[in-house]
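Residues per chain are reported as follows:
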Amino acid sequence: MAIAKAVPGKTLLTPTDHTLIMIDHQSQMSFATKSIDAVTLRNNAALVAKAARGFKVSTILTTVAEKSFSGPIFDEIKSVFPEHNVIDRTSMNTWEDERIAVEVNKFGKQKIVLAGLWTSVCIVGPALSAIDQGFDVYVIADACGDVSTEAHEMAMQRMIQIGARPMTSLQYLLELQRDWARTETYDETVKTSIANGGSYGLGLIYAKTMFGASEGH
């Protein structure tokens, strides 16, 4: 018989157990993205970046053909990590770039979290490759996008079928916080939720303004 214990599940993410890789959030890649609108995509990418910064997550930023074709990484990401080295690649599959492997091995995390453009190419490639090499892979679905809804959904299904775990950008932030009594990250989590958490953020503004409400207190 199973016995309940007040401890988190092993597949839940923590700030220290994973490496986040944000891939090809660039202008040229977003022009053809149809599965999600550009405003929402940029907002969600910002949310993920702010969550990673706030919780000091091991983070890799990478682009493809930045100077010659695809343009710079979204400012919503670069502004969060202004001093961060952005690895520019030629390979569509991030995992095939030796510099990425060096960074992943340097961080030494078992879990890999992916977000980027396009889902069916630049996310499927590293997801399948990382899983094949024994990593646990998570994909932030609403910080990804593709040339059609079908392309995005089929890519998600393909990854899920071999073990990738789907999640959303707001889920990522709140999973890292997970307890409102964690005061050291409470203010930053609320700030990010208000700025990029959509209607949830509006709810926080209302509750705090009207009632002085505060989660966990």
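Everything below is about the structure shown above.
Residues numbered from 1 in each chain as written. Predicted model: local features only at pLDDT ≥ 70, side-chain atom pairs only at ≥ 80, totals over all residues. Heavy atoms only, no water.

> So what exactly am I meant to see when it comes to the packing of aromatic side chains here?
The geometry of an aromatic ring pair is captured by two quantities: the separation of the ring centres and the angle between the planes. Counting across every chain of the model gives two aromatic pairs. With centroids separated by 5.4 Å and ring planes inclined at 75°, the aromatic side chains of Trp95 and Phe135 adopt a geometry described as edge-to-face. Placement of the pair is Trp95 in the loop between strand S3 (86–89) and helix H5 (98–107) and Phe135 in the loop between helix H6 (119–132) and strand S5 (136–140), with a sequence separation of 40 residues. Summarising the burial analysis for this pair, Trp95 and Phe135 share the class buried. The ring of Phe107 has Lys106 lying over it, and the distance from NZ or CZ to the ring centre is 5.3 Å. (Phe/Tyr/Trp six-rings, centres within 6.5 Å; stacked < 30°, edge-to-face > 60°. Helix = DSSP H or I, 4+ residues; strand = E, 2+ residues; numbered from the N terminus. Buried < 20%, exposed > 50% of the residue type's maximum accessible area, 1.4 Å probe, protein only. Lys NZ or Arg CZ within 6 Å of the ring centre and 35° of its normal.)

> Looking at this model, I keep getting lost on a nonpolar patch on the surface. Mind explaining?
A cluster of nonpolar side chains, contributed by Ile194, Leu202 and Ile205, occupies part of the molecular surface with about 250 Å² of accessible area. Note on placement: Ile205 falls in helix H10 (residues 198–211). (Patch = residues over 30% accessible without salt bridge, like charges linked within 9 Å, V, L, I, M, F, W, Y side chains within 5 Å. Areas by Shrake-Rupley, 256 points an atom, 1.4 Å probe, with all protein chains shown as cover. Salt bridge = Lys/Arg side-chain N within 4 Å of Asp/Glu carboxyl O.)

> Looking at this structure, how should I read the pattern of salt bridges?
Should their charged atoms come close, side chains of opposite charge can pair. A full pass over the atoms with the stated rule returns six salt bridges. Arg99 is the salt-bridge partner of Asp97, the closest N and O atoms lying 2.8 Å from each other. Residue classification places Asp97 among the buried residues on the basis of a relative accessible area of 10%.

This is a description of form; function is not addressed.
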